[in-house]
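Residues per chain are reported as follows:
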Amino acid sequence: FMNSIANIAPDPEMLMFGDEAAKDERTLIQRYGRSRIGMKCIQRKCFVQGKHYSILPILTLDGIITYDIIEGTVTSERFIQFLHEHVLPLTNPYPGP
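Residues numbered from 1 in each chain as written. Predicted model: local features only at pLDDT ≥ 70, side-chain atom pairs only at ≥ 80, totals over all residues. Heavy atoms only, no water.

(A) Here's a closer look at the environment of Ile-69. Topologically, Ile-69 is positioned in strand β4 (residues 63-71). For the pair Ile-69 and Ile-55, spaced 14 residues apart in sequence, the C-alpha separation works out to 4.5 Å. If sequence neighbours within four positions are ignored, Ile-69 has contacts with Tyr-53, Ser-54 and Ile-55. (Helix = DSSP H or I, 4+ residues; strand = E, 2+ residues; numbered from the N terminus. Contact = heavy atoms within 4.5 Å.)

Right under this line is the structure:
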């Protein structure tokens, strides 16, 4: 895989990487607990219904160059819009960095 990418983009400055992460009020809730031997671990959670946020960062060798925080989930249409509005203005014609 690395060799095929190296054929397309011989200079690492040509590469951009995208990733998606999500956060809501339930993200920090632990799913497992500990208890004494012979005791059942009881975990009480209240039902949490809150806002869900998605984060779309674009990374290069220099770090994060752009990002967008979206309320809700990322749809394909929203991802294409993110590429057009945030990523394409930062790119150069191939084969430039």
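(B) Main features of the pattern of salt bridges. Applying the stated criterion across every chain, the model contains one salt bridge. Between Asp-68 and Arg-78 there is a salt bridge, and its shortest N-O distance comes to 2.5 Å. You can see Asp-68 sitting in strand β4 and its partner Arg-78 sitting in helix α2 (residues 76-87), a full 10 residues away along the chain. Assigned by exposure class, Asp-68 and Arg-78 land together as buried. (Salt bridge = Lys/Arg side-chain N within 4 Å of Asp/Glu carboxyl O. Buried < 20%, exposed > 50% of the residue type's maximum accessible area, 1.4 Å probe, protein only.)

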